[in-house]
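# Tertiary structure, described
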Amino acid sequence: MTNRWMQALLAPLMALFCLAASAQAPQPPEIAARSYLLMDVSANQVLAARDPDAPVEPASLTKLMTGYLVFDALKAKKIALQQALPVSTRAWKMPGSRMFIDPSMQVPVEDLIKGMIVQSGNDATVALAEGVGGTVERFVELMNQQAKALGMKNTAYKNPEGLTAPGHTTTARDLSILSTRLMQDFPEYTGYYKIQKYRYQGTPTANDTNRNMLLFRDPTVDGLKTGHTNAAGYCLIATAKRDFPNLQGRRLVAIVLGASSELARANEAQKLLNWGYTAYEGLKLFDANQPVLEPQVWKGNADTVKLGQTQPIVLAVPAGSASKIKTQVARADPLVAPFSKGQQVGTLKILAGDQLLREVPLVALEAVEQAGIFGRAWDAIRLWIK
């Protein structure tokens, strides 16, 4: 086996798939923002970007990481939705966007979540940070630890709400990682991001509207978050899910950073979403846990091993080019047991003509144990004859 083949077989490409650059790739529209990125979440593929690794202030997009940690605490049963949390003086006195809660209140976690997401309340955010982390400072440590764990290499948090602070920066690419993982890891909680109106009892009615204009304009949009400070400009992460005959529930995320106004960030994000859905089509090659192939196994308690992926294998390709896509499989031969479930055994190569677009690891969908001594001996003889 050559080194080149071995590298293709073993390369750890499980989550970081990209479409190779191509002269035929559709050209994105002009976007009036400092930086942007359009992600096809279904295919885990960047469709377009400008300055995706440039450091930017995230403003209230910071609250996506706060939400990630709150949802993680809920999932781990460290807190509960109906649990009432106190409102500290620190939370009450937070400047900027507010839910308008005060120290006389005990507010349920679910209401604080809605206040943080729909109203972008800095007071609600600090109350949640204190409830999960004990102190804001400890919670910020958890935010940075989680960013590192998610692979957000160019992100540093200084607070949970997103007010301007030295060194409080991220990038469009890191925000795409966070947005994608938030939706994948906590689907039971991401419905909060599509709520159009909310206010806590006894607070001003004029403060009840989600600032994500696309929630009111496009019925396929169901999140995620707006942000604004003087330094950051107007920012928006918008996500939509649309059905197509060849791929149901295709999800895109548009990240627009540093636009000139609320209207501009909504228009530019809408422009990216519409372009992504029309310029590229989603192509599902295999379903989750669908065998890509079942090659023969030697010296095992089964004659074959099913190779595939535990997630759907989806590709975004320029519209009209799906017929050019072909696949090849690279694997060792012969395959000698044992194989554990989830063990990488081969690689699926996806090509457009002769151009390699993606390499997808193929894993054993079921375990194959070693055969008994006589079965192994018989296969050894057969392999020698072969």
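Everything discussed here concerns the structure shown above.
Residues numbered from 1 in each chain as written. Predicted model: local features only at pLDDT ≥ 70, side-chain atom pairs only at ≥ 80, totals over all residues. Heavy atoms only, no water.

## What about the sheet that holds strand β10 (residues 307–308)?
The criterion, for reference: Any two strands with at least two DSSP-identified bridges between them are counted as paired. Each helix is a run of H or I in the DSSP string that is no shorter than four residues. Each strand is a run of E no shorter than two, and both are numbered from the N terminus.
Reading across the sheet, the four strands line up as β10-β15-β14-β12 and stay open at both edges, with antiparallel pairing between neighbours. Each of the sheet's edge strands pairs with one partner strand only, and the pair in question is β10 and β12 (325–331). Where β12 lies against strand β14 (residues 344–352), seven bridges are found, and the strand directions are antiparallel. Residue pairing for β14: Q328 is matched across the bridge by K349.

## Details of the pattern of salt bridges
When their charged atoms lie close together, side chains carrying opposite charge are able to pair. Quick note on the threshold: Note on definitions: salt bridges are taken to be side-chain nitrogens of Lys or Arg within 4 Å of carboxyl oxygens of Asp or Glu. Accessible area is worked out with a 1.4 Å probe on protein chains only. A residue is then buried under 20% of its type maximum, exposed over 50%, and partly exposed in between.
Overall, the coordinates contain 13 salt bridges when judged by the stated rule. Between R250 and D40 there is a salt bridge; the shortest N-O distance is 2.9 Å. Taken together, the residues span a long stretch of sequence, with R250 in strand β7 (residues 247–259) and D40 in strand β1 (residues 35–40) at a distance of 210 residues. Given a relative accessible area of 1%, D40 falls into the buried group. Here E366 and K306 are joined by a salt bridge, their closest N and O atoms 3.8 Å apart. Taken together, the residues span a long stretch of sequence, with E366 in the loop between β15 (355–364) and α10 (373–385) and K306 in the loop between β9 (297–298) and β10 at a distance of 60 residues. Its relative accessible area of 31% is what places K306 among the partly exposed residues.

## Re the sheet that holds strand β2 (residues 45–50)
Here is the rule: Working convention: axes come from line fits to C-alpha atoms, limited for helices to the stretch in contact. Angles between N-to-C directions cover 0 to 180 degrees. The contact criterion used throughout is that any non-hydrogen atoms of two residues lie within 4.5 Å.
A sheet is described by the order of its strands in space; here five strands give the open sequence β2-β1-β7-β6-β5, paired in antiparallel fashion. Taken across any chain shown, the strands that pair with only one partner, and hence form the sheet edges, are β2 and β5 (221–229). Taking the axes of each pair of neighbouring strands and ignoring which way they run, one obtains an average angle of 10° across the sheet. Sheet topology note: the β1/β7 ladder contains six bridges and is antiparallel. By the bridge assignment for β7, S35 is matched with L257. Helix α7 (residues 172–185) rests against β1, β5, β6 (233–244) and β7 of the sheet, and its axis sits at about 145° to β7.

## Observations concerning the packing of helix α2 (residues 63–75) against α7
Any two packed helices are characterised by the angle at which their axes cross and by the distance between the axes. To keep it simple, the criterion reads: Orientation is classified from the angle alone, with under 35 degrees giving roughly parallel, over 145 giving roughly antiparallel, 65 to 115 giving roughly perpendicular, and any other angle giving oblique. Each helix crossing is assigned a hand: it is left-handed if the near helix lies turned anticlockwise from the far helix by less than a right angle, otherwise right-handed if that turn is clockwise. Each residue receives one of three labels: charged for Asp, Glu, Lys and Arg, nonpolar for Ala, Val, Leu, Ile, Met, Phe, Trp, Tyr, Cys and Pro, and polar for the others, Gly being one of them.
Close contact between α2 and α7 brings their axes to 10 Å; oriented N to C, the two are set at 25°. As the angle between them shows, α2 and α7 are arranged roughly parallel. The two elements α2 and α7 meet at a crossing, and its hand is left-handed. Residues L64, M65, G67, Y68, F71 and K75 of α2 form the contact with α7, whose own contacting residues are L178, S179, R181, L182 and D185. Across the contact of α2 with α7, the residue classes break down as six nonpolar, two polar and three charged.

## Description of the packing of helix α4 (residues 109–117) against helix α5 (residues 122–133)
Between α4 and α5, whose axes approach to 8 Å, the crossing angle comes to 135°. Looking at the two axes, α4 sits oblique to α5. Crossing handedness for the pair α4 and α5: left-handed. In this structure, α4 uses V109, L112, I113, G115 and M116 to contact α5, whose residues at the interface are A124, T125, A127 and L128. Partitioning the contact of α4 with α5 into residue classes produces seven nonpolar, two polar and no charged.

## Here we look at α7
Our working definition: An expected span of 1.5 Å times one less than the residue number is assigned to each helix.
End to end, α7 covers 20 Å across 14 residues, agreeing with the expected 20 Å (1.5 Å per residue, within 8%). Most of α7 sits inside the fold, with ten of its 14 residues counted as buried. Every buried residue of α7 is accounted for by A172, D174, L175, S176, L178, S179, T180, L182, M183 and D185. Where α7 is buried, its residues touch β1, α2, α6 (136–150), β5, β6 and β7.

## Comments concerning the pairing of β14
Of the pairings in the sheet, the one linking β14 to β15 comprises eight bridges and is antiparallel in character. Its bridge partner being in β15, L351 is matched across the sheet by L356.

## Here's the deal with the side chain of D111
So the rule is basically this: Throughout this description, a polar contact denotes any pair of N or O atoms lying within 3.5 Å of each other; where both atoms belong to protein, one of them has to be capable of donating a hydrogen while the other can accept it, and for residues adjacent in sequence the pair is counted only when both atoms sit in side chains.
Mapped onto the elements of the fold, D111 is located in helix α4. Side-chain polar atoms of D111 contact the side chain of Y198, separated by 2.6 Å. When neighbours within four sequence positions are excluded, D111 is seen to be in contact with M99, Y198 and Y200.

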